[in-house]
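These are the residues of each chain, in order.
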Amino acid sequence: GENVEQHPSTLSVQEGDSAVIKCTYSDSASNYFPWYKQELGKRPQLIIDIRSNVGEKKDQRIAVTLNKTAKHFSLHITETQPEDSAVYFCAASGTGGGADGLTFGKGTHLIIQP
Amino acid sequence: DAMVIQNPRYQVTQFGKPVTLSCSQTLNHNVMYWYQQKSSQAPKLLFHYYDKDFNNEADTPDNFQSRRPNTSFCFLDIRSPGLGDAAMYLCATSRNSQGQGEQYFGPGTRLTVT
């Protein structure tokens, strides 16, 4: 099955700086890569996703890049703000000939220092 | 406005006493998923339904069962809860199969086993 590795486990940045979180996946058939933000005690919220036919996607301060050959994808947050503090999960999903659930990375606790 | 609804939000059960968690959706999505999220860990897929087709993850314990009587509802049954089953249980839905659709998460049910 799919295996998703995520680094770092904790990331502390100064407010206004950029944050980068990296993930690798093992199954070359995976073709959908979402990123979720989860605040304490709340549900995961989709912040951005990318499909395998696209190399980069941007939404305001958030961008995701995908390198299919290397099987890694990254989340970039620019101009970080205190409200960006949360746990971020990357995930991967494949075709599998039917509906597939998500395999999540272990998460990155992002801390924005004021 | 609620799209994926989970009841109850908090559930306390005794060791070995069967418990059922409920999920409903107003999105008319084909696929419904159950994830288990233990404290400080990533969500882990237990199983999912594509319409009435049930898909069990290989490492989901037999203690966990699921029912989907119609498009809108899905239930998670834990036959004999152990202390290790204490977790947040997240229901999610997606419109498409083959992992192509965004997954919408419910608020979760936090299960405590005493």
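Cut-offs applied
- Residues numbered from 1 in each chain as written.
- Chains lettered and ligands numbered in written order.
- Predicted model: local features only at pLDDT ≥ 70, side-chain atom pairs only at ≥ 80, totals over all residues.
- Heavy atoms only, no water.
- Helix = DSSP H or I, 4+ residues; strand = E, 2+ residues; numbered from the N terminus.
- Rg over C-alpha atoms; globule rule 2.2 N^0.38 Å.
- Buried < 20%, exposed > 50% of the residue type's maximum accessible area, 1.4 Å probe, protein only.
- Lys, Arg positive; Asp, Glu negative; His and termini not counted.
- Charge placed at Lys NZ, Arg CZ, Asp CG, Glu CD.
- Pairing = 2+ DSSP bridges.
- Axes fitted to C-alpha atoms, helices over the stretch in contact; angles between N-to-C directions.
- Phe/Tyr/Trp six-rings, centres within 6.5 Å; stacked < 30°, edge-to-face > 60°.
- Core = buried A, V, L, I, M, F, W, Y, C linked by side-chain atoms within 4.5 Å.
- Contact = heavy atoms within 4.5 Å.
- Salt bridge = Lys/Arg side-chain N within 4 Å of Asp/Glu carboxyl O.
- Polar contact = N/O pair within 3.5 Å; in protein donor to acceptor, adjacent residues only side chain to side chain.
- Nonpolar A, V, L, I, M, F, W, Y, C, P; charged D, E, K, R; others polar.

A.B. asks: Explain the overall build of chain A to me, using residue names and the numbers behind them.
C.D. replies: The helix and strand inventory of chain A stands at zero helices and eleven strands. Each helix and strand of chain A, ordered N terminal to C terminal, gives the series β-β-β-β-β-β-β-β-β-β-β. On C-alpha atoms alone, chain A measures out to a radius of gyration of 14 Å, which is about the 13 Å that the 2.2 N^0.38 rule sets for 114 residues. Each of the three principal axes of chain A carries a C-alpha extent, and together these read 45 × 30 × 20 Å. For chain A, the residues scored as buried account for 45% of the 114 residues in total. In chain A, 11 side chains carry a positive charge and 13 a negative one; their mean positions are 3 Å apart.

A.B. asks: Give me the lowdown on the sheet that holds strand β1 (residues 4-7) of chain A, citing residues and values where you can.
C.D. replies: Residues and elements named next belong to chain A. Spatially, the five strands line up as an open sheet ordered β1-β3-β8-β7-β6, and their pairing is antiparallel. Strands at the two margins of the open sheet, each flanked by one partner only, are β1 and β6 (56-59). Here the strands of the sheet are splayed against their neighbours by 15 degrees on average, with no regard to which way each runs. Where strand β3 (residues 19-25) meets strand β8 (residues 72-77), six bridges bridge the pair, whose relative direction is antiparallel. Paired with Val-20 across the two strands is His-76, which belongs to β8.

A.B. asks: Would you mind going over the packing of aromatic side chains in detail, with residue names and values included?
C.D. replies: For the structure shown, the criterion picks out 15 aromatic pairs over all chains. Where Phe-47 of chain B meets Phe-54 of chain B, the ring centres are 5.4 Å apart and the plane angle is 50 degrees; that geometry is what we call tilted. Ring geometry for Phe-73 of chain B versus Phe-75 of chain B: centroids 6.3 Å apart, planes at 15 degrees, classification stacked. Here Phe-75 of chain B falls in the buried class, since its relative accessible area comes to 18%. Joined through ring pairs, the aromatic side chains of Tyr-36, Phe-89 and Phe-104 of chain A together with Tyr-33, Tyr-35 and Phe-105 of chain B make up one cluster.

A.B. asks: I'd love a proper account of the pairing of strand β8 (residues 73-78) of chain B, names of residues and values included.
C.D. replies: Residue and element names in this part refer to chain B. Judged by how many residues are buried, β8 sits mostly within the fold: five of six residues are covered. Alignment of strand β3 (residues 19-25) against β8, held across six bridges, turns out to be antiparallel. Looking at the pairing, Ser-22 lines up with Phe-75 of β8. Alignment of strand β7 (residues 64-67) against β8, held across four bridges, turns out to be antiparallel.

A.B. asks: Give me the nonpolar core: which residues, what numbers.
C.D. replies: Core analysis: the largest hydrophobic core is formed by 23 residues, its most contacted members being Trp-35, Phe-73, Leu-75 and Leu-110 of chain A. Mapped by element, the contributors of at least two residues to this core are β2 (10-14), β3, β4 (32-38), β5 (45-51), β7 (62-67), β8, β9 (86-92) and β11 (108-113) of chain A. The contact partners of Leu-75 of chain A, leaving out residues within four places of it in the chain, are Ala-19, Val-20, Ile-21, Trp-35, Ile-47, Ile-48, Ile-62, Ala-63 and Tyr-88 of chain A. In this structure, Val-19, Ile-78, Cys-91 and Leu-111 of chain B belong to the second largest nonpolar core, which totals 18 residues.

A.B. asks: Could you give me a rundown of the interface of chain A and chain B, with the residues and numbers involved?
C.D. replies: Across the contact, 22 residues belong to chain A and 23 residues belong to chain B. Counting the contacts that link chain A with chain B gives zero salt bridges. Run the count over chain A and chain B and you get four residue pairs in polar contact (both at pLDDT 80 or more). Sorting the residues of the side of chain A that touches chain B by element identifies β4 and β5 of chain A as the ones contributing at least two each. Each residue belonging to the side of chain A that touches chain B can be placed in one class, and the counts come to eight nonpolar, ten polar and four charged.

A.B. asks: Summarise unusual backbone geometry; cite the residues concerned and give the values.
C.D. replies: Residues His-7 of chain A and Pro-8 of chain A are joined by a peptide bond in cis, for which omega reads -5 degrees. Here Pro-8 of chain A is to be found in the loop between β1 and β2. Across the junction of Asn-7 of chain B and Pro-8 of chain B, the peptide omega takes the value -15 degrees, indicating a cis bond. Here Pro-8 of chain B lies in the loop between β1 (4-7) and β2 (10-13). In the Ramachandran plot, Gln-60 of chain A falls in the positive-phi region, its phi being about 60 degrees despite a non-glycine side chain. Residue placement: Gln-60 of chain A occurs in the loop between β6 and β7. Residues other than glycine seldom take positive phi values, yet Ser-40 of chain B does so here, at roughly 60 degrees.

Any functional reading would require information beyond the geometric quantities listed.
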